Amino acid sequence: MPLTLLIVDDEPGIRLAVTDYLEAAGYVVLAAATGQQAWQMVQQYRPHLLVTDIRMPQMDGYELVRLVRQQPAFRLLPVIYLTEYSDTEQRIRGYQTGCDAYLAKPFNLEELAAVVRNLLDRAQIVQTELQAVSHTVSGLEAADAAVVSALDLTQREQQVLALLTEGLSNAQIGEQLHLSPRTVEKYVSKLLQKTETSNRAEIVRFAMEHHLLGAIDADL
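Given the structure is predicted, the values throughout are model-derived calculations rather than measurements.

**Q** Tell me about the sheet that holds strand β2 (residues 28-32), and please be specific about residues and values.
**A** Taken together, the five strands give an open sheet; going across it, the order is β2-β1-β3-β4-β5, and neighbouring strands pair in parallel fashion. The sheet is open, and its two borders are formed by β2 and β5 (101-104), each paired with just one other strand. Each neighbouring strand pair of the sheet contributes to a mean axis angle of 20°, computed without reference to strand direction. Pairing of strand β1 (residues 4-8) with strand β3 (residues 49-53) involves four bridges; the strand directions are parallel. Across the sheet, the residue bridging to I7 is V51, located in β3. In the packing of helix α1 (residues 12-24) onto the sheet, contacts are made with β1 and β2, and the angle to β2 comes to roughly 170°. Set on the sheet, helix α4 (residues 88-96) makes contact with β4 (79-83) and β5; between it and β5 the angle comes to about 145°.

**Q** Go over the pairing of β4 with me, naming the residues and quoting the values.
**A** Across the five residues of β4, five count as buried, placing the element largely inside the fold. Burial along β4 is two-sided: V79, Y81 and T83 and I80 and L82, pointing in opposite directions, are all buried. Traced from β3 through helix α3 (residues 61-70) to β4, the parallel crossover comes out right-handed. Note that β4 and β5 share four bridges and pair parallel. Paired with T83 across the two strands is A104, which belongs to β5.

What counts, and at which threshold
Residues numbered from 1 in each chain as written. Predicted model: local features only at pLDDT ≥ 70, side-chain atom pairs only at ≥ 80, totals over all residues. Heavy atoms only, no water. Pairing = 2+ DSSP bridges. Helix = DSSP H or I, 4+ residues; strand = E, 2+ residues; numbered from the N terminus. Axes fitted to C-alpha atoms, helices over the stretch in contact; angles between N-to-C directions. Contact = heavy atoms within 4.5 Å. Buried < 20%, exposed > 50% of the residue type's maximum accessible area, 1.4 Å probe, protein only. Right-handed = clockwise from strand over helix to strand, strands pointing away.

As structure tokens, this is what we get:
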């Protein structure tokens, strides 16, 4: 599926030239003449990359990118500035507002296409890695919940287990849960049976290895 690019420039000639060149390279290209129009299109079409002029009427490129970066969904959106500004101060401001690349006018279309390709490749790598991490975390959370479910711990057993991992003695656990030390010992014995461990240290290790505390907190 072709990637979508948004080109923003108040000069019709530049919009047309960039659009034609990048469409020939296989992209779907949207074009906007003002920053306000571009901001609406970003929200509506969610492009994969933004190429924007800086000096424009109504809303300049700095303000456009500032709005874009305020939205969590667009914080990783690749941004290229096209501008007539050439001094170091303006370039620094451009990077501070969140651009990934900066091309001064007049620019070479072939160079622009190379920068676009590089940023899109990098963005796709980052997205793939984020998805892999998300799937891994989701899988671990599901596995942790499954372990808690398989252990069939009562709410009181979960409370005792949570306090055990904090290093509390039976007497200290009893004080917090308003139970006698003897009653706490019975719950500890149940935990030893259900986790198939032989002492308090092994119970704590079991809970840590299976990330039980997060799953237990969600249930309590």
